[in-house]
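Working through the structure, step by step
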Amino acid sequence: MNRPLDIVVLGLSLSSSWGNGHATTYRALLRGVHAAGHKVTFLERDVPWYARHRDLVAPDFCDLVLYRSIDELLARHAGTLAGADAVVIGSYVPEGVKLIDAVVDLAPKRLCFYDIDTPVTLSKLAGGDEEYLARRQVPLFDLYFSFSGGRTLDRLRGEFAARRPVALYCAVDLDLYRNTGAPREWDLGYLGTFSRDRQPTLERLLFEPARQLPEMRFVVAGPSYPADIRWPENVVRIEHLAPSEHAEFYSRQRFTLNITRADMVAAGWSPSVRLFEAAACRTPLISDWWEGIDSFYPPGEAVVIAQDSRDVVVALTHLTEQQRQAYVDCAHQRVVQAHSAAARATTFVEAIETVAPKTNLATRHSERRFPV
């Protein structure tokens with residue numbers, strides 16, 4: 001290994017998983033980076049909706065620092081940003097465009113963008129929406145880490161002038177996600193924040209099977225579901241589950257359901273972290289279809305592909321325990337081999353190390369003194 005890297009990440013949230021999947025993604029990746037011997041500082045905007053729901057206040061794998069404004073960030077941490085081996089800015093960071101411009105002015109040695117929402121980002125940029133990233137800023141990054149692979153990387157390079165797009169899929173921490181041995185409580189479960197574009201699929205692949213199978217038990221966990229949703233009587237609702245409770249949640253299911261955002265279905269090659277978490281907990285998967293899923297899990301071997309409620313009903317009523325276990329074994333093996341936090345951290349660090357660090361202004365910035 002080359003010398004340890006000093007990496008600074010400016011992300012949406014590490015401290016709170018409330019209503020976002022970014023925290024879980026960052027935690028898995030950065031644990032892997034720390035385990036490989038590198039130093040990580042995570043700078044997070046202190047906002048009230050995450051402050052009220054923090055489930056990680058003192059991580060043991062990085063330094064977590066909160067800031068209240070970009071002015072405060074620059075006053076307190078400009079030297080840290082300029083002196084780091086790599087600065088990574090994530091998608092959906094508050095005032096992202098202004099923040100990116102400010103960091104660019106510090107001339108960090110390596111500047112990276114970590115897009116945990118790539119299909120959404122590209123859809124926004126194509127429509128002129130620059131909520132957290134401006135189109136003109138894409139070529140400024142030495143590396144553009146994308147949550148989507150496949151043709152999305154070609155689009156980033158050709159349409160948006162990304163200099164070096166790299167697929168960096170989500171991953172699972174195998175030390176935290178494993179079967180707990182808990183007794184099975186539900187035949188099918190789903191974990192996810194309400195999303196208007198996912199709701200029709202949830203109704204087709206979970207609500208309708210629940211109505212057809214009243215003797216079975218179902219569960220949906222996640223916040224922000226509207227009050228006017230009519231839940232089948234045999235569907236249990238859980239408002240929010242902290243990541244520390246995910247393994248237990250998966251372990252209590254006979255099958256778990258994965259549903260993909262519409263933008264990610266359109267882009268393809270965009271696996272949800274739920275696909276990896278459930279498999280790590282040895283819970284078999286039922287998923288909607290999207291291009292590229294067969295490169296992660298072979299359909300009919302590691303995942304049940306469901307187009308409609310009938311596919312779900314057949315899986316719940318006709319698959320034997322031996323067949324269910326075969327799905328589990330295949331998916332679990334895939335996760336261990338290719339989708340662990342350690343594997344993803346290796347991809348992340350190796351990509352950074354391929355970029356030669358800039359030295360023109362960073363040294364001068366790191367020698368400056370800023371008020372505390």
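Just above sits the structure.
Counting of residues starts from 1 at the beginning of each chain's written sequence and follows it residue by residue. Per-residue local features of the predicted model are confined to residues with pLDDT of at least 70, and side-chain atom pairs are confined, for both listing and counting, to 80 or more; whole-chain, interface and lining totals are unaffected and use all residues. As a convention, hydrogens and water are excluded, and side-chain values are obtained from all of the structure's heavy atoms.

Observations regarding the nonpolar core
- By nonpolar core is meant a set of buried Ala, Val, Leu, Ile, Met, Phe, Trp, Tyr and Cys residues that side-chain atoms within 4.5 Å join together. Only protein chains enter the calculation, and the probe is 1.4 Å; a residue is then buried if its accessible area is under 20% of its type maximum, exposed if over 50%, and partly exposed in between. Ranked by internal contacts, the top residues of the largest apolar core, which has 58 residues, are Leu-30, Tyr-114, Phe-145, Tyr-297, Phe-348 and Ile-352.
- Per-element accounting of this core gives the leading share, six residues, to helix 10 (residues 273–280).
- Residue contacts are defined here by distance: any two heavy atoms, one from each residue, within 4.5 Å place the two residues in contact. Discounting residues that sit within four places of it in the chain, Phe-145 has contacts with Cys-112, Phe-113, Tyr-114, Asp-115, Val-166, Leu-168, Phe-348, Ala-351 and Ile-352.
- Formed by 31 residues, the second largest nonpolar core is a distinct cluster that contains Ile-70, Ala-78, Leu-122 and Ala-162. A run of H or I in DSSP counts as a helix once it spans at least four residues, and a run of E counts as a strand once it spans at least two, with each numbered from the N terminus.

As for helix 3 (residues 70–83)
- By definition here, a helix of n residues has an expected span of 1.5 Å times n minus one. Given a rise of 1.5 Å per residue, 14 residues ought to cover 20 Å, and the 18 Å separating the end C-alpha atoms of helix 3 matches this to within 8%.
- One axis fitted to the seven residues ending at a residue, another fitted to the seven starting there: the angle between these axes is the bend at that residue. Its maximal kink placed at His-77, helix 3 deviates by approximately 75°.
- Restricting attention to buried positions, one finds in helix 3 the residues Ile-70, Glu-72, Leu-73, His-77, Ala-78, Gly-79, Leu-81 and Ala-82.

Considerations on the side chain of Thr-260
- Examined against the element boundaries, Thr-260 turns out to sit in the loop between strand 11 (253–258) and helix 9 (262–267).
- What makes Thr-260 buried here is its relative accessible area of 7%.
- Of the polar contacts made by the side chain of Thr-260, one reaches the side chain of Asn-258; its length is 3.5 Å.
- Any pair of nitrogen or oxygen atoms within 3.5 Å is treated as a polar contact; in protein, a donor-acceptor pairing is required on top of that, and neighbouring residues in sequence qualify only through side-chain atoms on both sides. A polar atom in the side chain of Thr-260 sits 3.2 Å from the side chain of Trp-290.
- Residue contacts for Thr-260: discarding those within four places in its chain leaves Arg-198, Val-265, Ser-270, Asp-288 and Trp-290.

Some points on the packing of helix 7 (residues 199–212) against helix 12 (residues 309–318)
- Every axis corresponds to a line fitted to the C-alpha atoms, with the helix fit spanning only the stretch in contact, and the corresponding angles, defined between N-to-C directions, vary from 0 to 180 degrees. With their axes 8 Å apart at the nearest point, helix 7 and helix 12 run at an angle of 60° to one another. Looking at the two axes, helix 7 sits oblique to helix 12. When the axes of helix 7 and helix 12 are compared, the crossing they make is right-handed. Between helix 7 and helix 12, the residues in contact are Arg-204, Leu-205, Glu-208, Pro-209 and Gln-212 and Ser-309, Val-312 and Val-313, respectively.
- Taken together, the residues of the contact of helix 7 with helix 12 sort by class into four nonpolar, two polar and two charged. Each angle receives one of four descriptions, namely roughly parallel if under 35 degrees, roughly antiparallel if over 145, roughly perpendicular if within 65 to 115, and oblique otherwise. Definitions for this section: a left-handed crossing has its near helix turned counterclockwise from the far helix by less than a right angle. A right-handed crossing has that turn clockwise. Asp, Glu, Lys and Arg are counted as charged, while Ala, Val, Leu, Ile, Met, Phe, Trp, Tyr, Cys and Pro are counted as nonpolar; the rest, among them Gly, fall into the polar class.

Considering the layout of surface pockets
- Estimated volume of the largest pocket: approximately 770 Å³.
- Along the wall of the largest pocket there are 33 residues; nearest its centre are Asn-20, Gly-21, Asp-117, Arg-198 and Arg-261.
- Looking at the lining of the largest pocket, the elements with two or more residues in it are helix 1 (22–35), helix 2 (48–51), strand 8 (186–191) and helix 10.
- Residues of the lining of the largest pocket, tallied by class, amount to 17 nonpolar, twelve polar and four charged.
- For the second largest pocket, the calculated volume is near 250 Å³.
- Listing elements by their share of the lining of the second largest pocket, those giving two or more residues are helix 1 and helix 10.
- A total of four residues in the lining of the second largest pocket trace back to one element, the largest contributor, which is helix 1.
- For the lining of the second largest pocket, the residue count by class is ten nonpolar, two polar and five charged. Cavity means a closed set of points on a 1 Å grid over the protein atoms alone, one where a 1.4 Å probe fits but cannot get out, pocket means an open set with protein on both sides within 12 Å along at least 5 of 7 lines, and lining means a residue has an atom within 4 Å of a point. Grid points are joined across faces, edges and corners, and a volume is the space filled by probe spheres set on the points.

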